[in-house]
Amino acid sequence: MTGVAERAVGAPLVRRDGPLKVTGRAAYAYEQPVADPLYLFPIEATVARGRIVSIDAAAAEAADGVVVVLTHRNAARLAPDADPELRILQDDVIRFRNQFVGAVVAETSEAARYAAGLVRVEYEEAPHDVTFRADHPELYAPESVNAGIATDSVFGDVEMALAKAHRTIDHVYSTPLEHHNPMEPHTTVAAWHGEDGSGRLTLHDSNQGASTARSMLAPVLGIAPERVRVISPYVGGGFGSKAMPHAHVVLAVLAARLVGGRPVKFAMSRRQTFTQASHRSPQIQRVRLGADRDGRLTAIAHGSIAQTSRFKEFVEQTTFVTRSMYAAPNRSTTHRAVPSDVSVPGIFRAPGETPGFFALESAMDEMALACGIDPVEFRVRNEPEREPETGLPFSSRDYVACMREGARRFGWEGRDPAPGGTRAGEWLIGTGMAGCAYPAYFLRGGTQAAVEALPDGRYRVDIAAADIGTGAWTALAQVSADALGVPVEDVDMAIGDSALPPAAMAGGSMGMTFWGTAIIEAARVLRERFGERPEPGARVTATAPDNPHVGKVSMHAYGAHFAEVRVNADTGEVRVSRLLGMFDLGRVINPRTTRSQLIGGMIMGLSMALHEEGVRDPRFGHTVNCDLAQYHIAAHADVEDVDAIWLDGDDRYYNPMGAKGVGETGIVGAAAAIANAAHHATGIRVRDLPMTPEKFLR
Amino acid sequence: MEATITLRVDGEERPVSLDTRTSLLDALRERLGVNAPKKGCDHGQCGACTVLVDGRRVTSCLLLAVTQDGASVVTAAGLGAEAEGEPLRRAFLDHDGFQCGYCTPGQVCSAAGMLREARAGHASHVTADLSADEIPLDDAEIRERMSGNLCRCGAYPNILAAIREVAR
Ligand code: FES
Ligand code: FES
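Under an unreviewed UniProt entry, the name given to chain B is (2Fe-2S)-binding protein, and the organism recorded is Streptomyces radicis. The UniProt entry for chain B carries this comment under Pathway (unreviewed entry): "Alkaloid degradation; nicotine degradation."

Where an unreviewed UniProt entry is consulted, chain A appears under the name Xanthine dehydrogenase family protein molybdopterin-binding subunit, with the organism given as Streptomyces radicis.

Student: Could you clarify how one ought to interpret the overall build of chain A in this entry?
Tutor: The number of helices and strands found in chain A is 15 helices and 26 strands. Scaling as 2.2 N^0.38, a compact globule of 698 residues should have a C-alpha radius of gyration of about 26 Å, and chain A matches this with 26 Å. Buried positions account for 66% of the 698 residues belonging to chain A. With the model as given, the accessible surface of chain A reaches about 23700 Å², and the carbon-plus-sulfur share is 50%. Across chain A, 70 positive and 84 negative side-chain charges occur, with their mean positions spaced 1 Å apart.

Student: Which parts of the structure should I look at to understand the interface of chain A and chain B?
Tutor: Where interface size is quoted, it is often the accessible area lost as the parts come together. At the junction of the two partners, chain A supplies 59 residues and chain B supplies 49 residues. Roughly 4200 Å² of surface becomes buried between chain A and chain B when both sides are summed, with 56% attributable to carbon and sulfur atoms. It is Val-22, Met-183 and His-636 of chain A that lose the most area in chain A upon contact with chain B, and together they represent 21% of the buried surface on that side. Taken together, the links from chain A to chain B amount to six salt bridges. Across the contact surface, chain A and chain B share 29 residue pairs in polar contact (both at pLDDT 80 or more). If you list the elements that add at least two residues to the side of chain A that touches chain B, you get helix H1 (18–22), helix H3 (109–116), helix H7 (270–276), helix H14 (591–610) and strand S26 (641–646) of chain A.

Student: How should I be thinking about the packing of aromatic side chains in this particular structure?
Tutor: Two aromatic rings are characterised by how far apart their centres lie and by the angle between their planes. Across all of its chains, the model carries 15 aromatic pairs over all chains by this definition. Ring centres of Phe-96 of chain A and Phe-311 of chain A lie 5.7 Å apart, and the angle between their planes is 5°; on these two criteria the pair is classed as stacked. With a gap of 215 residues between them, Phe-96 of chain A in the loop between strand S4 (93–94) and strand S5 (100–106) and Phe-311 of chain A in the loop between strand S16 (297–309) and helix H8 (322–325) connect regions that are remote in the sequence. Accessibility expressed as a relative area gives 8% for Phe-96 of chain A, which makes it buried. Members of the aromatic cluster, each reached through a chain of ring pairs, are Tyr-28, Tyr-234 and Trp-473 of chain A together with Tyr-102 of chain B. Over the ring of Tyr-30 of chain A we find Lys-265 of chain A, and its NZ or CZ is 4.3 Å from the ring centre. Here the guanidinium or amino end of Arg-397 of chain A rests over the ring plane of Phe-394 of chain A, the centre of that ring lying 4.8 Å away.

Student: Explain unusual backbone geometry to me, please; I cannot follow it from the model alone.
Tutor: Excluding glycine, residues mostly have negative phi values, and the peptide bonds linking residues are mostly trans. Cis peptide bonds are those with omega within 30 degrees of zero, and the linkage from Leu-689 of chain A to Pro-690 of chain A qualifies with -5°. Considering the arrangement of structural elements, one finds Pro-690 of chain A in the segment after helix H15 (670–682). Despite not being glycine, Asp-96 of chain B shows a phi value in the positive range, around 50°. Here Asp-96 of chain B is to be found in the loop between helix H2 (85–94) and helix H3 (104–119).

Student: Would you take a moment to explain the pattern of salt bridges for this structure?
Tutor: All names here are of chain B. Counting across every chain of the model gives 63 salt bridges over all chains. Between Arg-57 and Glu-117 there is a salt bridge, with the nearest N and O atoms lying 2.9 Å from each other. Of this pair, Arg-57 sits in strand S4 (residues 56–59) while Glu-117 sits in helix H3, and the two are 60 residues apart along the sequence.

Student: Just to check I follow, could you spell out the domain arrangement of chain A for this structure?
Tutor: Residue and element names in this part refer to chain A. According to the domain assignment, chain A contains domain 1 (18–28 + 443–543), domain 2 (32–127 + 181–276) and domain 3 (144–178 + 280–441 + 552–603 + 620–639 + 653–696). The C-alpha centroid of domain 3 is placed 35 Å from the C-alpha centroid of domain 1. Facing the 17 residues of domain 1 at the interface are 18 residues of domain 3. Taken together, the links from domain 1 to domain 3 amount to zero salt bridges. If you look at where domain 1 meets domain 3, you find six residue pairs in polar contact (both at pLDDT 80 or more). Elements with a minimum of two residues in the side of domain 1 that touches domain 3: helix H12 (472–484) and helix H13 (511–530). Looking at the side of domain 1 that touches domain 3, the element that brings in the most residues is H13, giving six residues. Split by residue class, the side of domain 1 that touches domain 3 holds seven nonpolar, 10 polar and no charged.

Student: Help me understand the UniProt feature "domain: Aldehyde oxidase/xanthine dehydrogenase a/b hammerhead" (unreviewed entry) in chain A in this model?
Tutor: The feature "domain: Aldehyde oxidase/xanthine dehydrogenase a/b hammerhead" (unreviewed entry), as given by UniProt, occupies residues 23–127 of chain A in the numbering adopted here. Taken end to end, residues 23–127 of chain A has its terminal C-alpha atoms 51 Å apart, with 12% of it in helix and 33% in strand.

Student: Would you mind going over the packing of H2 of chain B against helix H5 (residues 156–167) of chain B with me for this structure?
Tutor: What describes two packed helices is the angle between their axes and the distance between those same axes. All names here are of chain B. Two elements in contact, H2 and H5, have axes whose closest approach is 8 Å; the angle formed by their N-to-C orientations is 145°. H2 and H5 meet at a crossing whose hand is right-handed. Mapping the contact onto sequence places Pro-87, Leu-88, Ala-91 and Phe-92 in H2 and Ile-159, Ala-162, Ile-163, Glu-165 and Val-166 in H5. Per-class residue counts for the contact of H2 with H5 are eight nonpolar, no polar and one charged.

The rules behind the values
Residues numbered from 1 in each chain as written. Chains lettered and ligands numbered in written order. Predicted model: local features only at pLDDT ≥ 70, side-chain atom pairs only at ≥ 80, totals over all residues. Heavy atoms only, no water. UniProt positions renumbered as here; feature names shortened; annotations may be inferred. Helix = DSSP H or I, 4+ residues; strand = E, 2+ residues; numbered from the N terminus. Rg over C-alpha atoms; globule rule 2.2 N^0.38 Å. Buried < 20%, exposed > 50% of the residue type's maximum accessible area, 1.4 Å probe, protein only. Areas by Shrake-Rupley, 256 points an atom, 1.4 Å probe, with all protein chains shown as cover. Lys, Arg positive; Asp, Glu negative; His and termini not counted. Charge placed at Lys NZ, Arg CZ, Asp CG, Glu CD. Contact = heavy atoms within 4.5 Å. Buried area = accessible area lost by both parts, 1.4 Å probe. Salt bridge = Lys/Arg side-chain N within 4 Å of Asp/Glu carboxyl O. Polar contact = N/O pair within 3.5 Å; in protein donor to acceptor, adjacent residues only side chain to side chain. Phe/Tyr/Trp six-rings, centres within 6.5 Å; stacked < 30°, edge-to-face > 60°. Lys NZ or Arg CZ within 6 Å of the ring centre and 35° of its normal. Domains from an automatic or database assignment. Nonpolar A, V, L, I, M, F, W, Y, C, P; charged D, E, K, R; others polar. Axes fitted to C-alpha atoms, helices over the stretch in contact; angles between N-to-C directions. Left-handed = near helix turned anticlockwise from the far one by under 90°.

Shown next, in the form of structure tokens:
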């Protein structure tokens, strides 16, 4: 970090927001103080496709405490070209089961909920289709996939290479419908101030970026962004599901339009979030690999099929990182989609890489076995010198070092590769590993930060960044302190408010890149203009400069997961006894919070591997198991020894901090390592997640 | 229908009039402005709403407030010395036993109730000696007994480390 004293960055500081969180005093969206609130309960469609014929709200309107019933008949008009997911209550069309068709607003949450049950909606039903399969007749190739990534890539001649290969594998892997389930359900408290049309809107909203929420909502409402303020200082997890506003925000905003300025509070129920908060689409992937006699890959073909919604397309970039991972002269990657009458899927922790690496790294394990080569050695043998499909040099790539050092710490050496070799009582024991990579996504420029001098040599840093559990409150203070050359205690942070300088959201593991870069720039300009002892009140707002290396070097975080699992020979129960991740993260800003993010990602990968599966009923079109008893996420008892460590690093191409992305890196590849270990334990290869017990009973 | 009850919340008498359909959790959050207990599911499935009622841990979303007239409710904000509130909160900070913090007040209250249960000899699914007067809390016991408190951020290893430290 040129010209910047390095003191706070790298220190394992305790979270600044910690004392508020362990006492329960941090005010999340629902808990922000507002005067005289009303409560909203939504009305959801009971058919998956069709038209509303009639709505009878008389009984609800007459019920005690009810203030108004909102439907498409009295909802304010939204912009005709608005995002289709957000353009709700504008017509009588039903596009998916549980779509919002209205809401009751009442003096208490009990009254709103009761009255919502009194509203009678009649539908004219139309045939719907929510089935997802590889041979679906409506399968199509999207123009591009998430993050604007090219749908396909082709190099050389994969078919020819596979025909000539010494060894080939060709397998289909599947990952199910998955739901984010942050512990804080998606919540908005909406209040309009001033007259209709000239009004201002305040939202206390649970999101991953106040600026993003504002810039996405204002055009939907047809008002200038300056008239929307989004306040979100504490957010109870997001994992992608709070990256963009969903329909529930608009529902609360439309309801608030009808109640003369009183704030309307809406926290979705857990069940509602399963439909409304986006989800990870189920996917079917085919991986074909060819290798020569020396275990060098001659062909890599990776195709994915995802389900998308019929009225708004979203397709994960599932095979994208396969383009940069291993060397092979002949390559192809594809993305295809099946449209369905379902709510819109969305980004979920490492969209693309998470399902993609389950397939790719399972296939690499299968090929290593087929070639008779140790899985680590097999990957090392296929390490590219430059990014295979672009020819770009890597900014830094310590993937091999992650595997070697991870193997050493895990005790990989001397492993007998033959499956089913170790048994302790009723438990079959195995070990497995998988690689991990997460690219740098430089999607949104323009992040700004302000630095202001306070009395007594203190500073305040303003930026509309978000802390969804990442530790941003603390890590940004560390970056600021070093940029200003002051002790970290002398920096006050203000984040989580769209009234602050606009910032990229916490997503794509790139929050710190944009935010830190803007803060360092603002600090530099402040010093340039006002020197080492600025007068209190001296203030500078600066924009993060664009990264000049984008498109010239290939930038990724890397890692390797090592897993030990035991599978019960009688019941098929799978337990993960140990999970160790070794990562290449560039420079680590706060080791304490970084380790937490990494193990959190790994545990989410464990949960994906063993437990998570949304079951969609083709007759009705909804997720049947839409609560936390039936959609199991890893609990304390599911998680044994999980740890994450990293190599010393500093990637000067990513950003001035030298830091790579962390938030998503930990989950990528974790499920494959567990599946590979389960295969080693049992000889049974499970290619369809989750690895529930019956899949091991043969 | 409305009813008036009095709750003792973190040591303070709090009379409140409420709809008889109101859960204890909503009474705390929506009527009394006591926001330490969180709502993660409203179905008794996540543990975010855990508080101590008359010294025992409960999921407050599953209790009707009117059935708790006169009860003493302790939240993560009010956990005192008798429940090892301060050492628990300190240990959660030191071990980074949370990320987003939304499950955390429930985890802290649950841990306090759990420590007391083990000391009183309450067995769990993994307890070997069912007749012991006091159950020693090894890692398996702590994990099992804390499994009603979900953490989607995956702070479990750090929560375990925090509770292990206080349990010793
Ligand atoms: S909110 Fe009570 S258990 Fe989830
Ligand atoms: S800290 Fe986020 S859910 Fe536990």
